[in-house]
Amino acid sequence: METKRGSWGTNFGFLMAAVGSAVGLGNIWGFPYKMGANGGFAFLLVYIVLAVIAGFTVMLGELTLGRKSGRGAVGAYQLLSKRFKWVGWLGFASAFLIMSFYSVLGGYCIKYMVINIGDLFNAGFGMAGLDAGAVFGNFMVSQAEGVIYTVIFLAITMVIVMGGIKGGIEKFSKIAMPALFIMLVIVIIRSVSLPGAVEGLKFMFAPNFDPLKENFGRVVATAGGQMFFSLSLGMGCMITYGSYLDKKENLERNSVIIIVADTLVAILAGIAVLPAAFALGGEGAALGGPSLLFVTLQDVFSAMGGIGPVMGILFYLLVLIAALTSAISLVEVATTFFIDRAELKGREPKRKLYTLVVCIGILVLATIVALDGLGYNGLPMPLGYVWLDFFDLWSEGIMMPLGALLMCLFIGWELKMGAFGEEIEQHGNRFRSRGFMTACCKFITPICMIFILIVQLDSFGIIEKIFGRGLFG
Ligand code: TRP
């Protein structure tokens, strides 16, 4: 059934798009490092517990609200709620903030594919004998290049979203996600067979409960923040994707599949990345963030000899695909808002035009981040932050945990489980987690969210700025 609004062709297509949204830069550079630095296996346990009590709740909550209302983030709250009408706007704004830095980083992936292609053919645009730190530094201060690659990344994203739910997003994800998985396996095989790779695996997996004992709060909040970002939760992405889903599909099962797949890819990304970083990255190699991706790992590819550029192209293509499928979900949040509005006003939706408008809006913010080049270029710093971190602070630090908190309160206390469950129990599907969801939405998840919100603010230095001292000394 194809409505004017559009819909997914198959449940598999929806899953590929949703897992594609979840699997992104967060999995590849965030998770492995955070797991290693916060207790390895002990961290993984905390992550899984949180994914069950908060991740599942918010995932199922978002998908259900989306499908029930048949509208995106903004429209869903406006239709379903009296007291929380405005919550969707948090998500709408977050989409622009997250995309402001996501598209810059996506552009960096394209640049690094180009560098490795240059190396493969010994063309002038490769590493030119420099080390990766120098190449990255030169790239950061080359502001025009930063903007150009950002534009290229955004343009690709835009074209896919313009293709629509089934003809664009689903079509791309159905090919890209299996391809990503195969590339990941190839990179893992090369990585773990490097001499000295075991150190990397030890860093990531060795169980160490000391971080938990010493600083339980910080470990829990780190795991929680990472989980929300990695699962694309808290800003209506899954409301939007859920709104295009057929009424007969099983929302509980889909929620579990998305969460399990995303966690699995995060662990696999660690096995792909950390052994190589330890084996060839050398002393002082950065193990997280942009420096891991673009300095440590580029050094790894350069040290691999002949096969290096091939592995480099493969790897940055993999990261680019992961970033693209996440970026399209963020753009879709904003595009769907305009489509819903047109439908409400009885107008013909103009998807292509809306997508263009959204991407131009994103480009304005992204240009600031690109010109800033991670702070290399001395742009004025808002509240003392690099622009990328500033936009990240607002979205990931404040608006997303707040959005998730308000959603739970809305479902638990205003909508109530009866109306919520009706949406799930269609076409013979059962609502197996009813009791669990009730407890989580009303009490457990909101408490988790408030806790994560406070510690996120602390880790961004906000608590210290206001109260003169941070939470953890
Ligand atoms: N989950 C993606 C990642 O891990 C990023 C992302 C896509 C996202 N859509 C989102 C994060 C919505 C928060 C909200 O990189």
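Residues numbered from 1 in each chain as written. Predicted model: local features only at pLDDT ≥ 70, side-chain atom pairs only at ≥ 80, totals over all residues. Heavy atoms only, no water.

### Looking at helix H9 (residues 197-205)
Okay, step 1: Every buried residue of H9 is accounted for by Ala197, Gly200, Met204 and Phe205. Seen end-on, H9 carries its buried residues on one side only, within an arc spanning 110°.
Okay, step 2: Of the surrounding secondary structure, the elements contacted by the buried residues of H9 are helix H2 (25-37), helix H3 (41-69), helix H8 (165-192) and helix H13 (251-280). (Buried < 20%, exposed > 50% of the residue type's maximum accessible area, 1.4 Å probe, protein only. Helix = DSSP H or I, 4+ residues; strand = E, 2+ residues; numbered from the N terminus. Arc of directions from axis to C-beta. Contact = heavy atoms within 4.5 Å.)

### Focus on the side chain of Thr57
Okay, step 1: You can see Thr57 is positioned in helix H3.
Okay, step 2: A distance of 3.5 Å separates polar atoms of two side chains, one belonging to Thr57 and the other to Thr445.
Okay, step 3: With residues up to four places along the chain from it excluded, the contact list for Thr57 reads Val52, Met407, Cys408, Met437, Cys440, Cys441 and Thr445. (Polar contact = N/O pair within 3.5 Å; in protein donor to acceptor, adjacent residues only side chain to side chain.)

### Some points on the site of the ligand
Okay, step 1: In the neighbourhood of the ligand, 17 residues make up the surrounding shell, with Ala22, Gly26, Tyr102, Phe229 and Ser232 lying closest.
Okay, step 2: One of the backbone nitrogen or oxygen atoms of Ala22 is found 3.0 Å away from a nitrogen atom of the ligand.
Okay, step 3: Separating an oxygen atom of the ligand from a backbone N or O atom of Leu25 is a distance of 3.1 Å.
Okay, step 4: In isolation the ligand offers 360 Å² of accessible surface; the protein chains occlude 100% of this area.
Okay, step 5: According to the grid-proximity analysis, the pocket containing the ligand is the largest cavity.
Okay, step 6: Listed by contribution, the elements that provide at least two residues to the shell around the ligand are helix H1 (11-22), H2, helix H5 (87-120), helix H11 (216-230) and helix H15 (308-344).
Okay, step 7: Its residues assigned to classes, the shell around the ligand shows nine nonpolar, eight polar and no charged. (Near = heavy atom within 4 Å. Areas by Shrake-Rupley, 256 points an atom, 1.4 Å probe, with all protein chains shown as cover. 1 Å grid on protein atoms, 1.4 Å probe; cavity = no way out; pocket = protein on both sides within 12 Å on 5 of 7 lines; lining within 4 Å. Sits in = over half its atoms within 2 Å of the grid points. Nonpolar A, V, L, I, M, F, W, Y, C, P; charged D, E, K, R; others polar.)

### A look at the packing of H3 against helix H4 (residues 73-80)
A pair of packed helices is captured by two measures, namely the crossing angle of their axes and the spacing between those axes.
Okay, step 1: Between H3 and H4, whose axes approach to 9 Å, the crossing angle comes to 70°. Of the possible angle classes, the one that applies to H3 and H4 is roughly perpendicular. Contacts from Leu65, Lys68 and Ser69 of H3 reach H4 at Ala76, Tyr77, Leu79 and Leu80. (Axes fitted to C-alpha atoms, helices over the stretch in contact; angles between N-to-C directions. Parallel < 35°, antiparallel > 145°, perpendicular 65-115°, else oblique.)

### Quick notes on empty space enclosed by the protein
Okay, step 1: Inspection of the entire model under this criterion finds five cavities of 30 Å³ or more.
Okay, step 2: Roughly 150 Å³ of internal volume is contained in the largest cavity.
Okay, step 3: Lining the largest cavity are 19 residues; nearest its centre among them are Ser21, Ile98, Phe229, Ser232 and Leu330.
Okay, step 4: If you list the elements that add at least two residues to the lining of the largest cavity, you get H1, H2, H5, H11 and H15.
Okay, step 5: Estimated volume of the second largest cavity: approximately 80 Å³.
Okay, step 6: In terms of lining residues, the second largest cavity is bounded by 13 residues, among which Tyr77, Gly234, Met235, Gly236 and Ile239 are the most central.
Okay, step 7: Ranked by residues supplied to the lining of the second largest cavity, first place goes to H5 with four residues.
Okay, step 8: Considering only residue class, the lining of the second largest cavity consists of seven nonpolar, five polar and one charged. (Points joined across faces, edges and corners; volume = space filled by probe spheres on them.)

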